[in-house]
Each structure stands twice: as C-alpha cells, then as structure tokens.
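These are the residues of each chain, in order.
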Amino acid sequence: MTDKDKLEFTGERFTPECVREIRYEHFHRYAFARELVAGKHVLDAACGEGYGSALLAGTASSVTGVDLSPESVEHARGRYQAPNLAFQAADCLHLPFPADSFDCIVSFETLEHLEDHDGLLREFRRVLRPGGFLLLSSPDKAVYSDTLGNRNEFHLRELYRDEFETLLQAHFPAFRLWGQKLLFGSALWSLDGAPGLRCLQEQQGEVQAGDAPAHEPVYFIALCAANEAHLPDVGHGLSLFDDADESVYRHYYHEIRKNMAAGAILADRDREIAELRA
C-alpha cells in the first residue's frame, strides 16, 4: 500500500499505521469482540478507517461498517473487501436501517465524541434485535482526563464510571463492565493449559494476589443486552494482547539502551572535564 492509499491520521480516527500503545488499545478491543460476534450479523458503528470491521468479518456472518465521514467510508471500501463486508456513510444518531436489523453492535471510540448519549443508545437499541447485544467503549474521565491529564479536542463529553453505568442501565438493563489499560509487566503462564487467573502486584516489598490487575482502568468496555439471558458468555476474565514484533517492549528496550549509552558518554565527558580542570 502506498502513502496515497492510507487515510491521514488527524487524531480523530485511528489508522492501522499508528504504532505501539495506541495500536494495542484499539486492536485489542476488536480482537476481543471478534470472538463474541462469530456467526452473527454485526453493525460496526463509527467504524472509521475500516480495519476493525474487516477484523470482525473474519468470524461474523456479515459486518456493516458505518461512519459519518464519507472519506473514511470510501477509503474502507477500497482497502477492505470481502463478500460479507460492507461500508456505508451514516450518522449513528440516525441509522438508515429498519428496527431489529442486527444481532450485535460494536461501537468503539464513539460515545465520547457525541453530546447526545441517550440518543445514541436509543438508536442502537432500535436496530438491535431483541436477543442481541452491544459492545461499547468509553474512557473513564476520572483516569483518562483527571489523573492522566489527557485533553482530546475531539471528545465532546466524557463520563465518570457512575455516569456511564447510569446511562447503560437506562437503555440496557443487563450489562457487564470490563476495564482496559496498557500494562507493562511480566507474563507467566501455564504451558499445560491449567485453568484459572492469578495476578500478582508488588508494592513496597509486599506482594498482593488477585484475579484481576490491581489498577484503575483507563477505558471501560461494556457488554450490554436487554436482559441477562442475552449476554454472551465471554468464557474468561482476562484478555491479553500484543503484536508479534513486541513493538512496545522493543521501543522500551531501545530507549533504555539509548539512555544507558548516553549516560556512559556523559560520564566519560565529565571525567575528561575534571581531568582538564585538574
């Protein structure tokens, strides 16, 4: 693919040419969803560049990706082609589909870009079949903005956890929350397929054990349905994701070695200056 075939990254929509941290965050959500949508008719609402819709199409019966940007949709049609994959320009607040059209809806990086959250979820509920489910992401304002100090010009309305849960409850009485955060740690797993999760965290020499990471998530992933019976069984409580090239770790390793080399050079120069002064 040449540069002219790539969608320009403006900060509003993720593109697959982005690397490391942001790539992990965005791809992991779709990789997580991919297992849940197998054999289903899926709407990818606010699909952006289209990479996620294409990923879902690998397991789904059909995927329709919609985005407000005609440019993004045109790009997606050219870059991602499959018999069960279609793209359409549309406003998520006014979807051009009849009621009960989809088995499930996936909508990542959407909610915070809109003011009318209730309108969005009403529209999702309208086009979702009675036994269907919604997978929705939202940054936790307490961590994403208040603690980390992120200021995203494209975010019109971020929610705290209690606000997010109140919104979900009003439209999807049954929901499960997952937390997402980029972690840099040591992975140790059974090579014999032993079940169960064990998360260990050290703090000031003391080790605490739990069945989930002991960190506040930066993002929430909500799995929602009209009632408990329609919530799909994820089958696990922890999902790990990285890329085959280990790009985040490689970058970290490179920066550490570069800083060590720079430190050695500065130490040598300090010695030379001390000798000259002597």
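Before any of the text, the structure's been laid out above.
Residues numbered from 1 in each chain as written. Predicted model: local features only at pLDDT ≥ 70, side-chain atom pairs only at ≥ 80, totals over all residues. Heavy atoms only, no water.

A. Representation of the nonpolar core in the model. One finds Val 42, Leu 56, Val 106 and Leu 135 to be the most contacted residues of the largest nonpolar core, which totals 30 residues. The set of elements that each furnish at least two residues to this core consists of α1 (21–36), α2 (51–56), α3 (70–79), β3 (85–89), β4 (102–107), β5 (128–139), β6 (174–180) and β9 (219–225). Considering every element that reaches this core, the biggest residue donor is α1, with five residues. Sequence-distant contacts of Val 106, that is, excluding residues within four places in its chain, are made with Tyr 30, Ala 33, Val 37, Val 42, Leu 43, Asp 44, Ala 45, Leu 56 and Leu 135. By size, the runner-up hydrophobic cluster in this structure holds 26 residues, among which are Leu 95, Ile 105, Leu 111 and Phe 164. (Core = buried A, V, L, I, M, F, W, Y, C linked by side-chain atoms within 4.5 Å. Buried < 20%, exposed > 50% of the residue type's maximum accessible area, 1.4 Å probe, protein only. Helix = DSSP H or I, 4+ residues; strand = E, 2+ residues; numbered from the N terminus. Contact = heavy atoms within 4.5 Å.)

B. Here's a closer look at a nonpolar patch on the surface. A contiguous nonpolar patch, built from Phe 184, Tyr 249, Tyr 252, Tyr 253, Ile 256 and Met 260 and spanning about 600 Å² of accessible area, is present on the exposed surface. Mapping Tyr 249 onto the fold places it in helix α7 (residues 247–277). (Patch = residues over 30% accessible without salt bridge, like charges linked within 9 Å, V, L, I, M, F, W, Y side chains within 5 Å. Areas by Shrake-Rupley, 256 points an atom, 1.4 Å probe, with all protein chains shown as cover. Salt bridge = Lys/Arg side-chain N within 4 Å of Asp/Glu carboxyl O.)

C. Quick look at the environment of Leu 276. If you trace the backbone, Leu 276 turns up in helix α7. Taking the C-alpha atoms as reference points, Leu 276 and Ala 45, separated by 231 residues in sequence, lie 67 Å from one another.

D. Just the packing of aromatic side chains, in detail. If you walk through the whole model with that rule in mind, you get eight aromatic pairs. With centroids separated by 5.1 Å and ring planes inclined at 90°, the aromatic side chains of Phe 97 and Phe 102 adopt a geometry described as edge-to-face. Exposure remark for Phe 102: the relative accessible area of 6% places this residue in the buried category. One residue, Arg 125, lies across the ring of Phe 172, its end atom 5.5 Å from the ring centre. (Phe/Tyr/Trp six-rings, centres within 6.5 Å; stacked < 30°, edge-to-face > 60°. Lys NZ or Arg CZ within 6 Å of the ring centre and 35° of its normal.)

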